[in-house]
Amino acid sequence: MHFLQDSEGEAESSVVAENELCLAFLTISPFNTGHTLVVPRRHAATFTDLTPAEAAALAQLSQQVAQALERSDLPCEGFNLWMANGSAAFQDVFHVHMHVFPRLKDDGFKIEVSWPQPSRAELNEVAAQLCTALEKR
């Protein structure tokens, strides 16, 4: 049995894996069996608040969990990685967390989106804005 520190003290957890900077544990509200959350040990509200080392550690541990899901005997025909950053993106827990959850063909999970198709000129303008923002780091 593992305990995690939360805002009210310690909470019982089912730890799956960990590294120096991050921890992976089963969520108490799984979409499918094996649904795991990967979180940094240091508090950071969103992905952009992470250090480059923390972001890398989060990605590496998420990949290891996904590989474990694929190798395990748990039902897993694929998997999703899901992270929400900010209220507009449906973040409701303001501590960075990556969902790694197994998928089954008819499990009922749906994301319905109508993808716009901007012109090449519009895409080039957006790319230029992002390049400029990257140079300001």
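Just above sits the structure.
For the structure given in this document, a descriptive report is provided here. Just so you know, these numbers come straight off a predicted model, no measurement behind them. (Residues numbered from 1 in each chain as written. Predicted model: local features only at pLDDT ≥ 70, side-chain atom pairs only at ≥ 80, totals over all residues. Heavy atoms only, no water.)

Within the protein, the regular secondary structure consists of 2 helices and 7 strands. Shown N-terminal to C-terminal, the secondary structure of the protein runs as helices and strands in the order β-β-β-β-β-α-β-β-α. When its C-alpha atoms are laid out on the principal axes, the protein stretches across 55 × 35 × 25 Å. Residue burial in the protein is summarised as follows: out of 137 residues, 28% are buried. Accessible surface, the protein: about 9,800 Å² in total, of which carbon and sulfur atoms supply 55%. The centroid of the 9 positive side-chain charges in the protein is displaced by 8 Å from the centroid of its 18 negative side-chain charges. (Helix = DSSP H or I, 4+ residues; strand = E, 2+ residues; numbered from the N terminus. Buried < 20%, exposed > 50% of the residue type's maximum accessible area, 1.4 Å probe, protein only. Areas by Shrake-Rupley, 256 points an atom, 1.4 Å probe, with all protein chains shown as cover. Lys, Arg positive; Asp, Glu negative; His and termini not counted. Charge placed at Lys NZ, Arg CZ, Asp CG, Glu CD.)

This part covers the sheet that holds strand 6 (residues 78-82). Taking strand neighbours across the sheet as the criterion, the 5 strands line up as 3-4-5-7-6 in an open arrangement whose pairing is antiparallel. The sheet terminates laterally at strand 3 (15-18) and strand 6, the two strands that pair on one side only. Each strand of the sheet is rotated relative to its neighbour by a mean of 20°, with strand direction disregarded. Alignment of strand 4 (residues 22-26) against strand 5 (residues 36-40), held across 5 bridges, turns out to be antiparallel. The residue of strand 5 that forms the bridge with leucine 26 is threonine 36. Packed onto the sheet, helix 1 (residues 52-71) meets strand 3, strand 4, strand 5, strand 6 and strand 7 (98-103) and runs at close to 15° relative to strand 7. (Pairing = 2+ DSSP bridges. Axes fitted to C-alpha atoms, helices over the stretch in contact; angles between N-to-C directions. Contact = heavy atoms within 4.5 Å.)

Considering all chains together, one arrives at 3 aromatic pairs under this definition. Between phenylalanine 31 and phenylalanine 109 the ring centres are 5.0 Å apart and the planes differ by 70°, which places this aromatic pair in the edge-to-face class. Taken together, the residues span a long stretch of sequence, with phenylalanine 31 in the loop between strand 4 and strand 5 and phenylalanine 109 in the loop between strand 7 and helix 2 (120-135) at a distance of 78 residues. Taking the relative accessible area as the measure of exposure, phenylalanine 31 reaches 33% and is therefore partly exposed. Arranged with centres 5.2 Å apart and planes meeting at 70°, the rings of phenylalanine 101 and phenylalanine 109 form a pair that is edge-to-face. Among the aromatic residues, ring-to-ring pairing joins Phe31, Phe101 and Phe109 into one connected group. (Phe/Tyr/Trp six-rings, centres within 6.5 Å; stacked < 30°, edge-to-face > 60°.)

Among soluble globular proteins, nonpolar side chains are generally buried collectively. With 15 residues, the main nonpolar core has Cys22, Val38, Leu50, Leu58 and Val100 as its most contacted residues. Listed by contribution, the elements that provide at least two residues to this core are strand 4, helix 1 and strand 7. Tallying contributions element by element places helix 1 first for this core, with 7 residues. Excluding its chain neighbours within four sequence positions, the residues that come into contact with valine 38 are Cys22, Leu23, Ala24, Leu58, Leu61, Ser62, Val65, Val96, His97, Met98 and Val100. (Core = buried A, V, L, I, M, F, W, Y, C linked by side-chain atoms within 4.5 Å.)

With 20 residues, helix 1 should cover 28 Å at 1.5 Å per step; its first-to-last C-alpha distance of 29 Å lies within 8% of that length. Buried residues in helix 1 make contact with strand 3, strand 4, strand 5, strand 6 and strand 7. (Expected span 1.5 Å × (residues − 1).)

Moving on to the environment of proline 116. Take proline 116: it is sitting in the loop between strand 7 and helix 2. In this structure the C-alpha to C-alpha distance between proline 116 and leucine 26, which are 90 residues apart in sequence, comes to 35 Å.

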